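Descriptive structure summary
One-letter residues, chain by chain:
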Amino acid sequence: MGFLDILLGRTKPVAPDLDQLFGLPSAAVTLQAAAGFTPTGTGAVCFASVEGAAFAEAYREVQALLDADAGRTGPPVELVRDEYGYSWLVSRRQPDDLPALVSDLHAVNSALEGTGFGPQLLCSVAAFEDSGQRRLGLVYLYKRGTFYPFAPLAGTGRRRDNALELQVKAVLADDLRIEQDLGRWFPVWGAPGL
């Protein structure tokens, strides 16, 4: 960063740090103890939709990588497109196997990044719920290297439980790198598992 960047207020973009995803299992313990939320076993990686042979090959590589896991049953990764035109690679594990789900999310992100699709990566989401069936997603922003909570309100259209999101932010402040700019806490309506 140069002198003009400092004068003009420009900042160097934060590099993605996919290893931050490995903080989710310890954060899940804190989240369960403090707020009663447990993993659902569903996680997904969101990216701007890509077509063509290069992406098809990258998707096959991701599937082959995750198929190599002998402990997995069923399809390892499902490709889903949402109503906004974004694509989601969805992984499902047993709810008590969050470390394996996190490894899947890391592998998908790394594989897409390694095959040149890093600029299309947007976020990763791990889904949680409490005994009252409230849903919560811990969203990792790929381009910021930070997390934020997203809590859609059930049955109310497109509304969020902002109080719960702020509560979770406070609870997980020591476990995850939380996005401090609330303007970047984008809703992920229709995210798999939420």
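Higher on the page you've got the structure.
What you see is a predicted model; the values in this text were computed from it and never measured. Each chain carries its own residue numbering, running from 1 in the direction its sequence is written. Residues qualify for local features only when their pLDDT is at least 70, as the model is predicted, and side-chain atom pairs are given and counted only at 80 or more; totals for whole chains, interfaces and linings, by contrast, use all residues. Side-chain measures here rest on the full set of heavy atoms in the structure, leaving out hydrogens and waters.

Attention now goes to the side chain of R93. The helix count covers DSSP runs of H or I at least four residues long, the strand count covers runs of E at least two residues long, and both are numbered beginning at the N terminus. Mapping R93 onto the fold places it in the loop between β3 (86-92) and α4 (98-117). Here the term buried applies to any residue with accessible area under 20% of the maximum for its type, exposed to any over 50%, and partly exposed to those in between, with areas from a 1.4 Å probe on protein chains only. Since its relative accessible area comes to 14%, R93 is described here as buried. Pairs of N or O atoms within 3.5 Å make up the polar contacts considered here, provided that, within protein, one atom can donate a hydrogen while the other can accept it, and that residues adjacent in sequence are counted only when both atoms are side-chain atoms. Within the local environment of R93, its side chain forms a polar contact with the side chain of D104, the two groups lying 2.9 Å apart.

Another aspect to go through is the packing of aromatic side chains. Each pair of aromatic rings taken from Phe, Tyr and Trp, with Trp reduced to its six-membered ring, is defined by centres within 6.5 Å and is described as stacked if the planes are under 30 degrees apart, edge-to-face if over 60, and tilted in the remaining cases. Within this structure, the stated rule accounts for 3 aromatic pairs. Ring centres of Y140 and F147 lie 5.1 Å apart, and the angle between their planes is 55°; this geometry places the pair in the tilted category. Comparing Y140 with F147 shows no difference in burial state: the two are buried. Centre to centre, the rings of Y148 and W185 are 5.9 Å apart; their planes meet at 15°, and the pair counts as stacked. On the criterion of sequence distance, the pair formed by Y148 in strand β6 (residues 146-150) and W185 in the segment after α5 (162-171) is long-range, its members being 37 residues apart. For Y148, a relative accessible area of 1% puts it in the buried group.

Non-glycine residue Q133 carries a positive phi angle of around 65°. With respect to the helices, strands and loops of the structure, Q133 is situated in the loop between β4 (121-129) and β5 (135-141). Residue classification places Q133 among the exposed residues on the basis of a relative accessible area of 53%.

Strand pairing requires that DSSP identify at least two bridges connecting the strands. Strand order in the open sheet formed by 6 strands is β2-β3-β1-β4-β5-β6, and the pairing between neighbours is antiparallel. The open sheet is flanked by β2 (78-81) and β6, the only strands paired with a single partner. The mean inter-strand angle of the sheet, taken between neighbouring strand axes irrespective of direction, is 25°. Sheet topology places β2 next to β3; 4 bridges connect them, and they run antiparallel. Bridged to E78 within β3 is V90. Where α5 meets the sheet, its contacts fall on β5 and β6, and the angle it forms with β6 comes to roughly 145°. Lines fitted to the C-alpha atoms define the axes, with helices restricted to the stretch that makes contact. Angles between their N-to-C directions range from 0 to 180 degrees. In what follows, a contact means two residues having at least one pair of non-hydrogen atoms within 4.5 Å.

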